[in-house]
Amino acid sequence: QVQLVESGGGSVQAGGSLRLSCAASGFTASRNCIGWFRQAPGKEREGVATITIEVGKPNYAETVKGRFTISQDSTKNTVYLQMNSLKPEDTAVYYCAARPNYCLSLLPAGTFDYWGQGTQVTVSS
C-alpha cells in the first residue's frame, strides 16, 4: 500500500524557518511526482511545490518562490520542503502527495492520487 507520512511542522515566528519531510513507501519514486500542498481553515487546498523524482526541475507557487525549496533523497524515498522567511499567510496544514507520472508544472491537487495526513505549520507575527 502507498503511504505518505509528513513530519516537521510546528510553530514559528515570522521570518523563521521550518523543514518538512515526506516519507513515501509502497511505490517506486523514480519518475513519479511528489508535491507539497497546503490548506488553511476555510480555504481551498493550494499547490506549493512539486518535483519529479530523478527527472524534473522543481516547480513553485509564486507565493513561495525564493523562500521555499523542495528537494529529494531518493535513496530514502523522502522529499523535503525547506521553508525560510516564513510569513503569517503561510499558516496552514501542509500535505505531501504523489502521482504516478511526471510533474513538470505545478499541477492541481485533483491530479494527485496519494496523500499524507498533513502537518500543521503556524507562523506568528
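The structure this text deals with has already been given above.
Residues numbered from 1 in each chain as written. Predicted model: local features only at pLDDT ≥ 70, side-chain atom pairs only at ≥ 80, totals over all residues. Heavy atoms only, no water.

J.: Looking at this model, I keep getting lost on the overall build of the protein. Mind explaining?
T.: Across its full length, the protein carries zero helices and eleven strands. Put simply, the protein runs from its N terminus to its C terminus through helices and strands in the order β-β-β-β-β-β-β-β-β-β-β. Taking 125 residues into account, the globule formula puts the C-alpha radius of gyration at 14 Å, and the protein, at 13 Å, falls close to it. Judged by the C-alpha coordinates and their principal axes, the protein covers about 40 × 25 × 25 Å. Counting the 125 residues in the protein, one finds 43% classified as buried. Per element, the accessible surface of the protein, about 6300 Å² overall, is 46% carbon and sulfur. Taking the 11 positively charged and 9 negatively charged side chains of the protein as two groups, their mean positions are separated by 4 Å. (Helix = DSSP H or I, 4+ residues; strand = E, 2+ residues; numbered from the N terminus. Rg over C-alpha atoms; globule rule 2.2 N^0.38 Å. Buried < 20%, exposed > 50% of the residue type's maximum accessible area, 1.4 Å probe, protein only. Areas by Shrake-Rupley, 256 points an atom, 1.4 Å probe, with all protein chains shown as cover. Lys, Arg positive; Asp, Glu negative; His and termini not counted. Charge placed at Lys NZ, Arg CZ, Asp CG, Glu CD.)

J.: What is the right way to read the side chain of Glu-6 from this model?
T.: Checked against the element boundaries, Glu-6 lands in strand β1 (residues 3-7). Buried Glu-6, no salt bridge; nearest opposite-charge side chain is Arg-45, N-O distance 7.6 Å. From its side chain, Glu-6 meets the backbone nitrogen of Gly-118 in a polar contact 2.9 Å long. Setting aside residues no more than four positions away along its own chain, Glu-6 makes contact with Ser-21, Cys-22, Trp-36, Tyr-94, Tyr-95, Cys-96, Gly-116, Gln-117, Gly-118 and Thr-119. (Salt bridge = Lys/Arg side-chain N within 4 Å of Asp/Glu carboxyl O. Polar contact = N/O pair within 3.5 Å; in protein donor to acceptor, adjacent residues only side chain to side chain. Contact = heavy atoms within 4.5 Å.)

J.: Quick question: what am I supposed to make of the environment of Pro-100 here?
T.: Within the element layout of this structure, Pro-100 appears in the loop between β9 (92-99) and β10 (114-115). On the accessibility criterion, Pro-100 (54% relative accessible area) is exposed. The spatial distance from the C-alpha of Pro-100 to the C-alpha of Thr-52 is 9.7 Å, given a sequence separation of 48 residues.

J.: When you look at a nonpolar patch on the surface in this model, what are you seeing that I'm missing?
T.: On the surface, a cluster of nonpolar side chains totalling about 280 Å² of accessible area is made up of Val-55, Tyr-102 and Leu-104. Tracing the chain through its elements places Leu-104 in the loop between β9 and β10. (Patch = residues over 30% accessible without salt bridge, like charges linked within 9 Å, V, L, I, M, F, W, Y side chains within 5 Å.)

J.: What exactly am I supposed to notice about the state of the cysteines here?
T.: Any covalent bond linking the sulfur atoms of two cysteines counts as a disulfide. By the definition in use, this model includes one disulfide. Between the sulfur atoms of Cys-22 and its disulfide partner Cys-96 the distance amounts to 2.2 Å. Note on the Cys-22 and Cys-96 pair: the S-S dihedral is about 70°, so by sign convention the disulfide is right-handed. With Cys-22 in strand β3 (residues 18-25) and Cys-96 in strand β9, the pair connects residues that are 74 residues apart, well separated along the chain. Judged by relative accessible area, which is 1%, Cys-22 ranks as buried. (Disulfide = S-S within 2.5 Å.)

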